[in-house]
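Notes for the structure review
Take a look at the letters that make up each chain.
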Amino acid sequence: MAKVLAIANQKGGVGKTTTSVNLAASLGATKRRVLLIDLDAQGNATMGVGVDKGALEYSGCDVLLGDCTLADARVRCPDFKLDLLPANEDMTAADVGLQDAEQGQLSLKKALAPVIDEYDYILIDCPPSLSMLTVNALVAATGVLVPMQCEYYALEGISALMSTVGQIRKSINPGLEVEGILRTMFDPRNNLANLVSDELIAHFGDKVFNTVVPRNVRLAEAPSYGQPVMAYDARSTGAIAYFALAGEMLGKKPSK
Ligand code: ATP
Ligand code: MG
């Protein structure tokens, strides 16, 4: 059965989408069957794999609100060896609709059930909030991957996420694991970044991925071409880092 990873951090701009798109493409390149789910109304992951969010027949919103199946809405992206459940600004309506729905937190999990065996990895790009959409991702997930920038307030933000993870584990998804914490946009010449990184390791131990994603302009440029970085510049330090992250994940023994 697929490993389902919620890529989550309620702080904005920490590299959730960059990680979702590039880890999905890296895993696809290793012949794993990958589904990338965009749960953010910004639709950045959708555009990041070259899909026009303005021209969707169905989107993740329709799936979450029960108006179509996931199979109806998914888009095949053979160039990047992955499938996409796309999103656009309609996702805001799904967030509101799920708050009112009975068992609204289970919607994504239910939608995934019929296709889950078609994939090895399902990566969910979460919005920058602990909204109903993020809750849906955490309920459907087997693990949570937390990208974070090594900045002053980073640890504070992570504790709110960890407490949500704890609540969901206690109530509805006891198997939810912390897959790992990923240091993103890392600049080793920055003293504060090194201090925060040390603190992270002291606090979370081997939950911190060994792989560190450096600040790399190719990672920032690739989305404007609708491409993961490995298609845009496979030799960039950004591409190498995300390949290494996929390797590190695949090398880990399954936790269950
Ligand atoms: P949001 O919370 O708005 O969804 P996010 O957490 O998904 O944001 P991204 O969109 O992945 O964050 O990244 C924020 C910005 O930083 C983007 O412009 C992205 O291209 C850039 N970026 C991400 N990672 C890197 C990196 N390692 N090096 C350079 N730029 C990066
Ligand atoms: Mg994002």
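Read on for an overview of the structure. (Residues numbered from 1 in each chain as written. Chains lettered and ligands numbered in written order. Predicted model: local features only at pLDDT ≥ 70, side-chain atom pairs only at ≥ 80, totals over all residues. Heavy atoms only, no water.)

**Examining the sheet that holds strand S7 (residues 177-186)**
So the rule is basically this: If DSSP finds at least two bridges between two strands, the strands pair. The numbering of helices and of strands both runs from the N terminus, where a helix is a DSSP run of H or I of at least 4 residues and a strand a run of E of at least 2. Angles shown run from 0 to 180 degrees and are taken between the N-to-C directions of axes, each axis being a line fitted to C-alpha atoms and, for helices, limited to the stretch in contact. Contact definition: two residues touch when any of their heavy atoms are within 4.5 Å.
Strand order in this open sheet of eight strands is S3-S4-S2-S5-S1-S6-S7-S8, and the pairing throughout is mixed. Of all strands in the sheet, those bounded by a partner on one side alone are strand S3 (75-77) and strand S8 (208-214). Strand-to-strand twist of the sheet, defined as the mean angle between neighbouring strand axes without regard to direction, takes the value 25°. Pairing of S3 with strand S4 (residues 82-85), which is carried by three bridges, proceeds in the antiparallel orientation. Bridging across to S4, Arg 76 finds its partner in Asp 83. Against the sheet, helix H12 (residues 237-251) engages strand S1 (3-7), strand S5 (121-125), strand S6 (143-149), S7 and S8, with an angle of about 165° to S8.

**So, the side chain of Ser 107**
In plain terms, the rule: Distance and chemistry together define a polar contact, namely a pair of N or O atoms within 3.5 Å, with one atom able to donate a hydrogen and the other to accept it when in protein, and with adjacent residues in sequence counting only for side-chain atoms on both sides.
With respect to the element layout, Ser 107 can be found in helix H6 (residues 107-112). From its side chain, Ser 107 meets the backbone oxygen of Leu 64 in a polar contact 2.5 Å long.

**So, the layout of surface pockets**
Threshold: A 1.4 Å probe that fits but cannot get out identifies a cavity on a 1 Å grid over protein atoms alone, an open set with protein on both sides within 12 Å along at least five of seven lines counts as a pocket, and a residue lines either if it has an atom within 4 Å of a point. Grid points are joined across faces, edges and corners, and a volume is the space filled by probe spheres set on the points. The classification used treats Ala, Val, Leu, Ile, Met, Phe, Trp, Tyr, Cys and Pro as nonpolar, Asp, Glu, Lys and Arg as charged, and all other residues, Gly among them, as polar.
In this structure, the largest pocket spans a volume of roughly 530 Å³. Around the largest pocket, the lining is made up of 31 residues, and of these Gly 15, Thr 17, Thr 18, Met 185 and Leu 219 lie nearest the centre. Contributing elements (two or more residues each) for the lining of the largest pocket: helix H1 (16-29), helix H2 (44-48), S7, S8 and helix H10 (217-221). Per element, the largest residue contribution to the lining of the largest pocket is five residues, and it comes from H1. Its residues assigned to classes, the lining of the largest pocket comprises 16 nonpolar, twelve polar and three charged.

**Notes on the site of ligand 1**
Heads up, the rule is: Here a residue counts as near a molecule or strand whenever at least one of its heavy atoms sits within 4 Å of it. Calculation of accessible area relied on Shrake-Rupley with a 1.4 Å probe; when residues are assessed, cover is drawn exclusively from the protein chains displayed. Assignment of a molecule to a cavity or pocket requires that more than half of its atoms lie within 2 Å of the corresponding grid points.
Close contacts around ligand 1 come from 17 residues, with Lys 16, Thr 17, Thr 18, Pro 214 and Asn 216 the closest. Contact between ligand 1 and Val 14: an oxygen atom at 3.0 Å from a main-chain N or O atom of the residue. Protein coverage of the free-state accessible area of ligand 1, which is 630 Å², stands at 80%. Counting atoms within 2 Å of the grid points, the majority share of ligand 1 lands in the largest pocket. Elements that contribute at least two residues to the shell around ligand 1 include exactly H1, S8 and H10. When residues in the shell around ligand 1 are grouped by element, the largest group, three residues, is from H1. Classifying every residue of the shell around ligand 1 gives seven nonpolar, seven polar and three charged.

**A word on the packing of aromatic side chains**
Under the convention used in this document: Geometry of aromatic contacts follows a simple scheme: Phe, Tyr and Trp rings, the Trp one being its six-membered ring, pair when their centres are within 6.5 Å, and the pair is stacked under 30 degrees between planes, edge-to-face over 60, tilted otherwise. Three exposure classes are used, based on accessible area relative to the maximum for each residue type with a 1.4 Å probe and protein chains only: buried under 20%, partly exposed in between, and exposed over 50%.
Per the counting criterion, the structure on display carries two aromatic pairs. Measuring from centroid to centroid gives 5.0 Å for Tyr 152 and Tyr 153, while their planes differ by 65°, and the two rings are edge-to-face. According to the relative accessible area criterion, Tyr 153 is exposed, its value standing at 54%. The interplanar angle of 20° and the centroid separation of 5.0 Å between the aromatic rings of Tyr 225 and Tyr 232 together place this pair among those described as stacked. By relative accessible area, which is 54% here, Tyr 225 ends up exposed.

**Regarding the nonpolar core**
Note the threshold: Each nonpolar core is a collection of buried residues, namely Ala, Val, Leu, Ile, Met, Phe, Trp, Tyr and Cys, held together in the definition by side-chain atoms within 4.5 Å.
Grouped together as the largest cluster of nonpolar side chains are 56 residues, with contacts concentrated most on Ile 37, Leu 39, Leu 112, Ile 122 and Ile 124. In this structure, Leu 112 is in contact with Val 4, Leu 35, Ile 37, Leu 70, Ile 122 and Ala 140, ignoring residues within four places of it in sequence. Of all hydrophobic cores here, the second largest spans 32 residues; its members include Leu 23, Val 49, Tyr 121 and Ala 241.

**Considerations on empty space enclosed by the protein**
For the structure shown, the criterion picks out one cavity of 30 Å³ or more. Put simply, the largest cavity is a space of about 50 Å³. Lining of the largest cavity is provided by Asn 9, Lys 11, Val 14, Met 148, Gln 149, Glu 151 and Ala 154. Of the residues assigned to the lining of the largest cavity, the class counts are three nonpolar, two polar and two charged.

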